[in-house]
Amino acid sequence: MKWFLTLWSYIVNPIFIPSLVSLWYFNFSYYSDADSVKLQLYLIVILTAAIPLFIYSILKVLGIVKSVHLSTTGERITPLIVYAILLIMLLRTTFVNGLHLSLYNFFLGTLIATIVATILTSIRYKISLHLMATGGTLGFLIMLSYTLGINLLLEIAALGIISGLTATSRLSMKAHNSHQLIFGFLLGLLSQVLAFSYMTTT
């Protein structure tokens, strides 16, 4: 069982979550601008997965990071700052046409969570980025269901199970304690609520 929990921790690495959420969203939602959507998806994958992986590889070669899980707070600061910058670039370039506002809100919430995580990391608090990602995805689904009035109960239940399995995996690997997992989950979820709430009142 432990080997599966370790493997699961790699499968749900936070770096892949935004691309998977975007792919699900574009498959789920109606759109008529297929070429524009393809371009947006390419940019999302490049800015949230490809470039961070490339930067991780450079940091790994330089000895600044030792593991893809960024096990210490010292390893996390540079990747988190870079990721926040990439998210800002994504928000300012990929959604300029005003379409797919819900997905824009998701990335805005992800940026909020990333900035808070960076601040916490700078004071040596090791929040769970895995649970921040799953909590953010769950928050996105809840807010999407609420704002659009659609039934996403199955998806929300699945995310609840995934979050629980991820928390078990991180505890099994002794990567975090319980309050770091809970705080990471709540940060991700509440950041989505904040992003959606702000956008619906402006």
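Look a little higher up for the structure.
Predicted, not measured: the structure shown is a model, and the values here were computed from it.

Engineer: Got a minute to help me understand the overall build of the protein in this structure?
Structural biologist: Within the protein, the secondary structure is distributed over 8 helices and 0 strands. Helices and strands in the protein line up, N terminus first, as α-α-α-α-α-α-α-α. Taken against the 2.2 N^0.38 rule, which gives 17 Å for 202 residues, the C-alpha radius of gyration of the protein at 16 Å falls within 12% of a compact globule. Its C-alpha atoms give the protein principal-axis dimensions of about 45 × 35 × 30 Å. By residue count, 49% of the 202 residues in the protein fall in the buried class. For the protein, the share of sequence-separated contacts (at least 6 apart) that also reach a separation of at least 24 residues comes to 76%. A total of about 10,200 Å² of accessible surface is found on the protein, and carbon and sulfur atoms cover 73% of it.

Engineer: I would appreciate a short explanation of the nonpolar core in the present structure.
Structural biologist: Taken as a class, soluble globular proteins show a tendency for nonpolar side chains to be buried jointly. If you look at the biggest cluster of nonpolar residues, it comprises 35 residues, and the most contacted ones within it are Phe26, Ile44, Leu103, Phe107 and Phe140. Of all the secondary structure elements, the ones that give two or more residues to this core are helix 2 (17-28), helix 3 (34-62), helix 4 (73-93), helix 5 (101-122), helix 6 (129-148), helix 7 (153-172) and helix 8 (178-200). Residue contributions to this core peak at 7 residues, all from helix 6. With residues up to four places along the chain from it excluded, the contact list for Leu103 reads Ser22, Tyr25, Phe26, Ile44, Phe95 and Phe140. Within the second largest apolar cluster, 8 residues are counted, among which are Leu120, Ile127, Met132 and Leu187.

Engineer: Looking at this model, I keep getting lost on the environment of His179. Mind explaining?
Structural biologist: Inspection of the secondary structure puts His179 in helix 8. Of note is the side chain of His179, whose polar atom sits 2.8 Å from the side chain of Tyr125.

Engineer: What is the right way to look at the side chain of Gln40 in this model?
Structural biologist: Structurally, Gln40 is set in helix 3. By relative accessible area, Gln40 is classed as buried at 3%. A polar atom in the side chain of Gln40 sits 2.8 Å from the backbone oxygen of Thr94.

Engineer: How should I be thinking about a nonpolar patch on the surface in this particular structure?
Structural biologist: Together, Phe54, Ile58, Leu62 and Ile64 make up a nonpolar patch on the protein surface, roughly 400 Å² of accessible area in all. Here Phe54 shows up in helix 3.

Engineer: What's the story with the packing of aromatic side chains in this structure? I'm lost.
Structural biologist: To describe a pair of aromatic rings, you give the distance between the ring centres and the angle between the ring planes. Applying the stated criterion across every chain yields a total of 6 aromatic pairs. Both rings, one in Tyr125 and one in Phe183, keep their centres 6.0 Å apart while their planes meet at 65°; by these two values the pair is edge-to-face. Separated by 58 residues along the polypeptide, Tyr125 in the loop between helix 5 and helix 6 and Phe183 in helix 8 bring together distant segments of the chain. When the centroid spacing of 6.1 Å and the interplanar angle of 50° are considered together, the rings of Phe140 and Phe196 count as tilted. On the criterion of sequence distance, the pair formed by Phe140 in helix 6 and Phe196 in helix 8 is long-range, its members being 56 residues apart. Grouping residues by exposure puts Phe140 and Phe196 together as buried. A connected cluster of aromatic rings, assembled from ring pairs, spans Tyr25, Phe26, Phe106, Phe107, Phe140 and Phe196.

Engineer: Honestly, helix 7 in this entry has me stumped. Any pointers?
Structural biologist: Because each turn of an α-helix spans 3.6 residues, side chains separated by three or four positions end up pointing in the same direction. For helix 7, built from 20 residues, the straight-helix expectation of 28 Å at 1.5 Å per residue is met to within 8% by its first-to-last C-alpha distance of 29 Å. Inspection of helix 7 places Leu159, Ser163, Thr166, Ala167, Ser169, Arg170 and Ser172 among the buried residues, and these make up the whole buried set. A positive backbone phi angle near 55° is found at Lys174, which sits one or two residues after helix 7.

Engineer: Teacher, can you tell me more about the packing of helix 2 against helix 6 here?
Structural biologist: The geometry of a pair of packed helices is captured by two quantities: the angle between their axes and the separation between those axes. Contact pair helix 2 / helix 6: the axes reach a minimum separation of 10 Å and the direction vectors enclose 20°. Looking at the two axes, helix 2 sits roughly parallel to helix 6. For helix 2 against helix 6, the interelement crossing comes out right-handed. Taken together, the residues of helix 6 that come into contact with helix 2 (itself represented by Ile17, Val21, Trp24, Tyr25 and Phe28) are Ala133, Thr137, Phe140, Leu141 and Leu144. Looking at side-chain class alone, the contact of helix 2 with helix 6 contains 9 nonpolar, 1 polar and no charged residues.

Thresholds, definitions, all that
Residues numbered from 1 in each chain as written. Predicted model: local features only at pLDDT ≥ 70, side-chain atom pairs only at ≥ 80, totals over all residues. Heavy atoms only, no water. Helix = DSSP H or I, 4+ residues; strand = E, 2+ residues; numbered from the N terminus. Rg over C-alpha atoms; globule rule 2.2 N^0.38 Å. Buried < 20%, exposed > 50% of the residue type's maximum accessible area, 1.4 Å probe, protein only. Contact = heavy atoms within 4.5 Å. Areas by Shrake-Rupley, 256 points an atom, 1.4 Å probe, with all protein chains shown as cover. Core = buried A, V, L, I, M, F, W, Y, C linked by side-chain atoms within 4.5 Å. Polar contact = N/O pair within 3.5 Å; in protein donor to acceptor, adjacent residues only side chain to side chain. Patch = residues over 30% accessible without salt bridge, like charges linked within 9 Å, V, L, I, M, F, W, Y side chains within 5 Å. Salt bridge = Lys/Arg side-chain N within 4 Å of Asp/Glu carboxyl O. Phe/Tyr/Trp six-rings, centres within 6.5 Å; stacked < 30°, edge-to-face > 60°. Expected span 1.5 Å × (residues − 1). Axes fitted to C-alpha atoms, helices over the stretch in contact; angles between N-to-C directions. Parallel < 35°, antiparallel > 145°, perpendicular 65-115°, else oblique. Left-handed = near helix turned anticlockwise from the far one by under 90°. Nonpolar A, V, L, I, M, F, W, Y, C, P; charged D, E, K, R; others polar.

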